[in-house]
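# Geometric and topological summary
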Amino acid sequence: MKKLILPILTGFIMFGCQTQTATTAASQSLESNENIVIKIIQINDVYEIDAVNNGKSGGLARVATIRDSIANQNPNTWFFLAGDFVNPSLLGTIKVDGERLQGKQMIEVLNLAGLDLVTFGNHEFDIKEPDLQKRIDESKFKWMSANVRQVTNDGNKPFHKETLTGREHFPDFMIYTASNSKGDRVNFGVFGVTIPSNPKDFVHYDDIFDESVRAYNEASENSDFVIGLTHVSVEQDKEIARRIPDIPLIMGGHEHYNMIEHVGKSVIAKADANVVSLYVHTLTYDPATKNLRVDSELVPVTDKYSSKPEVQAAVDKWNKILDQNLKTVLDDPYEVVYHAVVPLDGTDTASRSEQTNLGTILGKSMSLAYDDKPDGAFSNGGGIRIDDRLSGEITGKDVFRILPFGGSVLLVEMKGKLLREVLDFGLNASGTGAYQTKI
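Summarised in this report is the structure supplied together with it. From a predicted model like this one, the values you see are computed outputs, not experimental measurements.

Analysis parameters
- Residues numbered from 1 in each chain as written.
- Predicted model: local features only at pLDDT ≥ 70, side-chain atom pairs only at ≥ 80, totals over all residues.
- Heavy atoms only, no water.
- Helix = DSSP H or I, 4+ residues; strand = E, 2+ residues; numbered from the N terminus.
- Areas by Shrake-Rupley, 256 points an atom, 1.4 Å probe, with all protein chains shown as cover.
- Lys, Arg positive; Asp, Glu negative; His and termini not counted.
- Charge placed at Lys NZ, Arg CZ, Asp CG, Glu CD.
- Buried < 20%, exposed > 50% of the residue type's maximum accessible area, 1.4 Å probe, protein only.
- Pairing = 2+ DSSP bridges.
- 1 Å grid on protein atoms, 1.4 Å probe; cavity = no way out; pocket = protein on both sides within 12 Å on 5 of 7 lines; lining within 4 Å.
- Points joined across faces, edges and corners; volume = space filled by probe spheres on them.
- Nonpolar A, V, L, I, M, F, W, Y, C, P; charged D, E, K, R; others polar.
- Axes fitted to C-alpha atoms, helices over the stretch in contact; angles between N-to-C directions.
- Phe/Tyr/Trp six-rings, centres within 6.5 Å; stacked < 30°, edge-to-face > 60°.
- Contact = heavy atoms within 4.5 Å.
- Salt bridge = Lys/Arg side-chain N within 4 Å of Asp/Glu carboxyl O.

Broken down by element type, the protein chain carries 11 helices and 28 strands. Its C-alpha atoms give the protein chain principal-axis dimensions of about 75 × 45 × 45 Å. Counting every atom, the protein chain has about 19,100 Å² of accessible surface; 49% of that belongs to carbon and sulfur. Treating the 45 positive side-chain charges of the protein chain as one cloud and the 60 negative ones as another, the clouds have centres 2 Å apart.

This brings us to the pairing of strand 16 (residues 185–194). Taken residue by residue, a regular strand's side chains alternate between the two faces of the sheet. For strand 16, the tally of buried residues reaches 8 of 10 residues, placing the bulk of the element in the interior. Hairpin connection from strand 15 (residues 173–179) to strand 16: 5 residues lie between these consecutive antiparallel strands, with Gly-183 at a positive phi of about 100°. Here strand 16 runs beside strand 18 (residues 225–231); their pairing, made up of 7 bridges, is parallel. Note on strand 18: the bridge partner recorded for Thr-194 is His-231.

Turning to the layout of surface pockets, a few remarks are in order. Take a probe with the size of a water molecule and roll it over the atoms, and the empty space left behind shows itself. In this structure, the second largest pocket spans a volume of roughly 450 Å³. If you trace the second largest pocket, you find 25 residues lining it, with Ala-51, Val-52, Lys-397, Asp-398 and Arg-401 closest to the centre. Looking at the lining of the second largest pocket, the elements with two or more residues in it are strand 4 (51–52), helix 2 (90–93), helix 7 (309–326), strand 26 (389–395) and helix 10 (396–402). In terms of residue count, strand 26 provides more of the lining of the second largest pocket than any other element does, 6 residues in total. Classifying every residue of the lining of the second largest pocket gives 10 nonpolar, 7 polar and 8 charged.

Another aspect to go through is unusual backbone geometry. That bond from Asn-87 to Pro-88 is cis: its omega, 0°, falls within 30 degrees of zero. Non-glycine residue Asp-84 carries a positive phi angle of around 70°. If you trace the backbone, Asp-84 turns up in the loop between strand 6 (77–81) and helix 2. Not every positive phi belongs to a glycine, and Asn-274 is a case in point at roughly 55°.

Within the secondary structure layout, Leu-411 lies in strand 27 (residues 407–414). Of the residues examined, Leu-411 reaches a relative accessible area of 36% and is grouped as partly exposed. Along the sequence, Leu-411 and Asn-87 sit 324 residues apart, while their C-alpha atoms lie 28 Å from each other.

What follows is about the sheet that holds strand 11 (residues 148–152). Hydrogen bonding along the main chain pairs the strands of a sheet, whether they run parallel or antiparallel. With antiparallel pairing, 3 strands are arranged side by side in an open sheet as 12-11-17. Of all the strands in the sheet, just strand 12 (155–157) and strand 17 (203–205) have a single pairing partner and so form its edges. Adjacent strand axes in the sheet meet at a mean angle of 40°, parallel and antiparallel pairs treated alike.

Counted by the stated rule, this structure contains 18 aromatic pairs. Considering the side-chain rings of Phe-80 and Tyr-176, the 5.7 Å spacing of their centres and the 35° angle between planes classify their relative orientation as tilted. In this pair, Phe-80 is assigned in strand 6 and Tyr-176 in strand 15, connecting sequence segments 96 residues apart. The class for Phe-80 is buried, based on a relative accessible area of 0%.

All right, on to empty space enclosed by the protein then. The volume enclosed by the largest cavity comes to roughly 40 Å³. Lining the largest cavity we find Tyr-47, Glu-48, Pro-88, Ser-89, Leu-90, Arg-385, Ile-386, Arg-401 and Pro-404. In terms of residue class, the lining of the largest cavity is made up of 5 nonpolar, 1 polar and 3 charged.

The next thing to look at is helix 3 (residues 104–113). In terms of burial, helix 3 is a largely internal element, 7 of the 10 residues being buried. Residues of helix 3 that are buried sit in contact with helix 1 (60–73), strand 6, helix 2, helix 4 (129–138), strand 10 (142–143) and helix 7.

Counted according to the given criterion, the structure contains 25 salt bridges. Linking Glu-138 and Arg-135 is a salt bridge whose minimum nitrogen-to-oxygen distance equals 2.9 Å. On the criterion of helical spacing, the pair formed by Glu-138 and Arg-135 is a turn pair, its members being 3 residues apart in helix 4. Judged by its relative accessible area of 28%, Glu-138 is partly exposed. Overlapping salt bridges bring together Arg-149, Asp-172, Glu-211, Arg-214 and Glu-218 as one network.

Right, let's talk about the sheet that holds strand 19 (residues 249–253) for a bit. What the 6 strands build is an open sheet, ordered 15-16-18-19-21-20; its pairing is mixed. Two strands in the sheet have a free side with no partner beyond their single neighbour: strand 15 and strand 20 (259–263). Going from strand to strand, the sheet's axes swing by 20° on average, the running direction of each strand aside. Sheet topology note: the strand 15/strand 16 ladder contains 7 bridges and is antiparallel. Counterpart to Ala-178 in the pairing with strand 16 is Val-186. Strand contacts of helix 5 (residues 208–220): strand 15, strand 16 and strand 18, with the helix running at about 165° to strand 16, the strand carrying the most contacts.

Laid out in structure tokens, this is it:
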């Protein structure tokens, strides 16, 4: 029999950017000064509060600057997050005062950044129910979901936030009002749904498509138009658009790379994970003709943007706590443990789809845990969470960022037939996270 090992896991400023545009009505009717212009900033799948790519990309403090710049110019500005932010992260695994953070740092930073609305991502349910409730209660932004319910002794109920004035249940959709200088007003609805890929005993998922249609129809009763804020696969987003042909915009998450898709007259947009980029959607509504135009612009979040000081101060505070915690495990978290002449590909797309050079190194490292005696090693590619390319000096801290879930390495004996089935499954599931890194 072959000996192998595998890990057991425990756990704005729009300039110089390429524009992707979709039109839902004739543009000539929208050139009047009496239009109502709405700006929506969309981010999704955010696991790092600080910049990535050696500080060159991302950073929620930079996003806050972009958000403020847009809001200062247009009061009809909203900031939405399409799921996956509470977990996973290296910071989320550390303990402060005997309790794991479990996304506490993310909630604090997003509060300061001015976030308005989120829907659940599948990774929000990685943490235990009491911990998730704490994060929800700490948040200052709104939550909503049309298909996710909390399992209680009294049946399946909407999740809720405990506030000073009582329990606030999450709605299936939100309705916002925007206006122009004349005082014309437009109401627009936003509904949210989440992929049922993370089953938990405290979570119930209703059908994505049925609930999208229901929430859209209910929101439409008090709205001039309705858009989606979803955390599902892009194919599921496309199906939602097919079932709701009049929906002008779906702001999605779950995939970690930017894309824009068109189904009929609907636009589906997803930004890069870890705010390497964000989308700015400009919705121009003519109150006289009821026509709506949607212009979606992908904005790379780079070091050309300054960081909002109060947000960066919170990020720095949490980074200092992280470093102090890591020093209980490593004498020097910044000690160089590897030098990557060729960048190590830890991007989500590659790790979930193909054998990468980083995956090969991880497999060899696992084998070394058993004196390099196993015949091979493999691991779930979705367990690599850094979503970055690492070059030059790699530190101990980087290793923890690559594999934040924790866990152990297990040596097993396996018959060749079973091994083949496992590997075939991973190959067939390429792109989903089940792809194995191996040697």
